[in-house]
Amino acid sequence: MTSPRTISFEIFRYDPQDPNDKPKMVTYEITEAPGMTVFIALNLLREQQDPSLQFDFVCRAGICGSCAMVINGKPTLACRTLTANFPDGKIKLMPLPGFELIGDLSVNTGKFMRELAERLQLWLQPDANDIDIHRLESPMDPAEAAKLYELERCVECGVCVSACATKQMKDSFVGAVGMMKIARFEMDSRDTRSAEDFYHVIGNQDGVFGCMTLLGCQDACPKDLPHMQQIAYLRRKMAQTIVSC
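This text gives an overview of the structure that appears in the document. Please read all numbers here as calculations on a predicted model, not as lab measurements.

Conventions used here
Within each chain, residues carry numbers counting from 1 in the order of the written sequence. Confidence filtering applies because this is a predicted model: local features only for residues at pLDDT of at least 70, side-chain atom pairs given and counted only at 80 or more, and all residues used for totals across whole chains, interfaces and linings. To get the side-chain values, all heavy atoms of the structure are used, and hydrogens and water are removed first. Working definition: with a 1.4 Å probe on protein chains only, accessible area under 20% of the residue-type maximum means buried, over 50% means exposed, and in between means partly exposed. What counts as a helix is a DSSP run of H or I of at least four residues, what counts as a strand is a run of E of at least two, and both are numbered from the N terminus. In what follows, residue pairs with any heavy atoms lying within 4.5 Å of each other are defined as contacts. Two strands pair under a simple rule: DSSP has to find at least two bridges between them. To get an axis, fit a line to the C-alpha atoms, keeping to the stretch in contact for a helix; angles then go from 0 to 180 degrees between the N-to-C directions. Working definition: roughly parallel below 35 degrees, roughly antiparallel above 145 degrees, roughly perpendicular at 65 to 115 degrees, and oblique for all remaining angles. Left-handed describes a crossing in which the near helix is turned anticlockwise from the far one by less than a right angle; the clockwise case is right-handed. Each residue is assigned to one of three groups, with Ala, Val, Leu, Ile, Met, Phe, Trp, Tyr, Cys and Pro labelled nonpolar, Asp, Glu, Lys and Arg labelled charged, and all others, Gly among them, labelled polar. Just to be clear on terms, a salt bridge is a Lys or Arg side-chain nitrogen sitting within 4 Å of an Asp or Glu carboxyl oxygen. In this analysis, rings of Phe, Tyr and Trp, with Trp reduced to its six-membered ring, are considered paired at centre separations within 6.5 Å, and the interplanar angle assigns stacked below 30 degrees, edge-to-face beyond 60, and tilted for intermediate values. Any Lys NZ or Arg CZ found within 6 Å of a ring centre and within 35 degrees of that ring's normal is scored as a charge over the ring.

Some details on helix H1 (residues 38–48)
Taken as a whole, H1 has its buried residues at Val38, Phe39, Ala41, Leu42, Asn43 and Leu45. Elements in contact with the buried residues of H1: strand S1 (6–13), strand S2 (24–31), strand S3 (68–71) and strand S5 (90–94).

This is the structure:
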């Protein structure tokens, strides 16, 4: 029987609220257990070695997106990353770039997503003159519902933002998550906005025409969402809008 191995974690540590603190990398060691994930290891490190270690989690099942971080250079979810995936037993953890740092591995993705929603008006906008609270909601075509559900699977983890080269170079770029959500409402028959309305929001270098198509968002997305398919879809829509104007 093979004895458990010792794995090494090199973790970024920095508290921006402490004026005397400076960014640094701190190394921890822990005994690996069968089926251990990076998330489980972090909890053990915080419980057994360093209670000041900061990182985020909620669901532990790849649904909330809270535990996103950069693991050995790749943005992904800690709860879905097995320590067994790293044969040399050396794991380097960094916070997601592109977001406000709260401390150590914790970043404020919520603030980014809220500001993005306000900027792009990411909510359903039905006909204001056709509202009757006593009327039964019209059934949605199953095919349309399936398309919307596919795009609603986004857990707003921020991985696609950190994996996007354009976003890292241009802070005003809306990123794949913004365009995914715009596509969701553009496809919704209940939304009264036209292609021209969406063009004024994303039909520029900060939107669909700023994407360099490097596929970082699609390659890194932990939910395997069709980012490039939706970006291409919106590009066609926006190009058609330009031609028709």
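What follows continues from the structure just given.
A short note on the sheet that holds S2
The five strands are arranged S2-S1-S5-S3-S4 in an open sheet whose pairing can be described as mixed. Only two strands of the sheet have a single partner each, and these edge strands are S2 and strand S4 (74–77). Within this sheet the neighbouring strands show an average axis-to-axis angle of 35°, counted without direction. Of the pairings in the sheet, the one linking S3 to S4 comprises four bridges and is antiparallel in character. From the neighbouring strand, Ala68 faces S4, where its bridge partner is Leu77.

Quick look at the packing of helix H2 (residues 109–120) against helix H6 (residues 175–187)
How two helices sit against one another is set out by the angle between their axes and by the gap between those axes. Packing of H2 against H6 leaves a shortest axis separation of 11 Å and a crossing angle of 45°. Considering the angle they form, H2 stands oblique to H6. For the crossing formed where H2 meets H6, the hand is right-handed. On H6, the residues touching Phe112, Met113, Leu116 and Leu120 of H2 are Val177, Gly178 and Ile182. Broken down by class, the residue content of the contact of H2 with H6 amounts to six nonpolar, one polar and no charged.

Focus: the pattern of salt bridges
By the definition in use, this model includes 14 salt bridges. As a salt-bridge pair, Arg153 and Glu150 come within 3.1 Å of each other at their nearest N and O atoms. When its relative accessible area of 22% is taken as the criterion, Arg153 is described as partly exposed. The partner of Arg184 in a salt bridge is Asp188, with the nearest N and O atoms 2.8 Å apart. Of the two residues, Arg184 and Asp188, neither departs from the other in class, the shared state being buried. In this structure, a network of salt bridges that share partners links the residues Glu152, Arg184, Asp188 and Arg190.

Let's talk about the packing of aromatic side chains
Within a pair of aromatic rings, the relevant descriptors are the distance that separates the centres and the angle that separates the planes. Enumeration according to the criterion identifies three aromatic pairs in this entry. Judged by centre distance (5.1 Å) and plane angle (65°), the ring pair of Phe39 and Phe57 falls under edge-to-face. Placement of the pair is Phe39 in helix H1 and Phe57 in the loop between H1 and S3, with a sequence separation of 18 residues. Judged by relative accessible area, Phe39 falls into the buried class, the value being 5%. Taken together, Phe39, Phe55 and Phe57 form an aromatic cluster joined through their ring pairs. Directly above the ring of Phe55 sits Arg46, whose terminal nitrogen or CZ lies 4.0 Å from the centroid. A cation over an aromatic ring shows up here: Arg184 above the ring of Phe185, its NZ or CZ 4.5 Å from the ring centre.

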